[in-house]
Amino acid sequence: ESSCQKTTIQDRTPAEGLNTRTVFQSIELIRLVGTGTVSWGFEARLDGKTVMAKVAADHFLYYSDIEIDAFRILKTSPSIPNIPEFHYSIRSMPNPFKNRTYLQDDLGLSKSEAENLSEKRRVSVQVMDFVRSENRKPETLREVRTLLKSLLSALAFAHSRNVMHCDMHSRNYHFDGNMVSLFDWNGAFLYAKDQVLIHQPHAPTHLFPPEAWKNTSAVHASVSAFDVYSVGRLTKKLLKGCCGILPVKSAEDSSTNTSTTTHESGRRTNSSSYDKEVALSLDLMELMLTADPYQRPNTTQLLNHPFFLEDRVSN
């Protein structure tokens, strides 16, 4: 409870604006580490610990209560390291980031980013454990397997507590080569079959499952259906981008879900073992992209897919 209580800004800087890195309470902003559509992520220090301070435009705080509720549920014991600890949320305050020189020279924002942030009238600040600032892009099929297993494990934990992420894209997780850290629960929903699902206006609509576009009750098919489809779209991009595996046609391109996925491998190999793993990865992707949400496997079922059962990937 105490980690999520509301607090207020205590600006320790002179009246002329943010001239030092000490901005509010005992938080010391260090540098910009990520920029979203309507938010900025800063590496910061809090009581001697490295943390992430996320600053967002105030009118996007519609989801803040839901996010705090999601964290309260997710961080009950036992918790998992894939989901960074949430410390507190400052709901709304006058924007203290008015000094563009400070934003550019001290915190590393570009000119356009500094102008954008400094023009906001009000902002929110959320503080959570720091995660790796540079998101590692998997370069091998083995790394894709490691990323997906860690990501699905984090989502399975959330789903087991009836929490839907609903904003699953590459900017909302970091992969360090061994583990995914899943964050940004602004669009999270506490699952209920009769609940109206509202999407963030800036959420990546290309990752929405078919049922979300049709505004039908099927969007509530299960707690996992929405997130699983989004991970399927991410998987398609990962396989195409880093492994030379190009899906030509998949279930998402067909309304019947009876088509067969074929692929071209840009990484030519004589290894039958590798070819088998390629086939398994494509099968996993197709399952996640199942058009019918009632037939789409959940995260626990997907973690039992043969692609994850043995560490056989050699490339």
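That block above? That's the structure.
Scoring rules and cut-offs
Residues numbered from 1 in each chain as written. Predicted model: local features only at pLDDT ≥ 70, side-chain atom pairs only at ≥ 80, totals over all residues. Heavy atoms only, no water. Helix = DSSP H or I, 4+ residues; strand = E, 2+ residues; numbered from the N terminus. Buried < 20%, exposed > 50% of the residue type's maximum accessible area, 1.4 Å probe, protein only. Contact = heavy atoms within 4.5 Å. Areas by Shrake-Rupley, 256 points an atom, 1.4 Å probe, with all protein chains shown as cover. Phe/Tyr/Trp six-rings, centres within 6.5 Å; stacked < 30°, edge-to-face > 60°. Expected span 1.5 Å × (residues − 1). Pairing = 2+ DSSP bridges. Salt bridge = Lys/Arg side-chain N within 4 Å of Asp/Glu carboxyl O.

Turning next to the overall build of the chain. Looking only at helices and strands, one finds nine helices and twelve strands in the chain. Taking all 315 residues of the chain together, the buried fraction comes to 50%. Once local pairs closer than 6 in sequence are excluded, the contacts in the chain between residues at least 24 apart make up 66%. Accessible area for the chain stands at about 14,700 Å²; split by element, carbon and sulfur atoms hold 47% of it.

Bringing the side chain of Asn-172 into the picture now. Inspection of the secondary structure puts Asn-172 in the loop between strand S7 (163-164) and strand S8 (173-175). Among residues more than four places away in sequence, those in contact with Asn-172 are His-165, Asp-167, Ser-181, Leu-182, Phe-183 and Asp-184.

Below, the discussion takes up the packing of aromatic side chains. Centre distance and the angle of the planes are the two values used to describe a pair of aromatic rings. Using the criterion set out here, one finds three aromatic pairs in the structure. Relative to Phe-97, the ring of Phe-42 lies with its centre 6.2 Å away and its plane at 10°, an arrangement referred to as stacked. Linking Phe-42 in strand S3 (residues 39-46) with Phe-97 in the loop between strand S5 (86-94) and helix H2 (100-106), this pair joins segments that are 55 residues apart in sequence. Comparing Phe-42 with Phe-97 shows no difference in burial state: the two are buried.

Time to look at helix H6 (residues 225-242). Its 18 residues place the ends of H6 26 Å apart at the C-alpha level, agreeing with the 26 Å of an ideal helix rising 1.5 Å per residue. Buried residues dominate H6, accounting for 13 of its 18 residues. One or two residues past the end of H6 sits Gly-244, with phi positive at roughly 70°.

Burial runs high along strand S4 (residues 49-57): seven of the nine residues are buried. Pairing geometry for S3 and S4, over eight bridges, is antiparallel. Residue pairing for S4: Arg-45 is matched across the bridge by Thr-50. Where S3 folds back onto S4 in an antiparallel hairpin, the turn is made up of two residues, including Asp-47, whose phi is positive at roughly 55°. Of the pairings in the sheet, the one linking S4 to strand S6 (residues 122-129) comprises seven bridges and is antiparallel in character.

Following the criterion strictly, the structure yields six salt bridges and no others. A salt bridge links Glu-119 to Arg-100; the shortest N-O distance between them is 3.6 Å. Taken together, the residues span a long stretch of sequence, with Glu-119 in the loop between helix H3 (111-118) and S6 and Arg-100 in helix H2 at a distance of 19 residues. Judged by its relative accessible area of 36%, Arg-100 is partly exposed.

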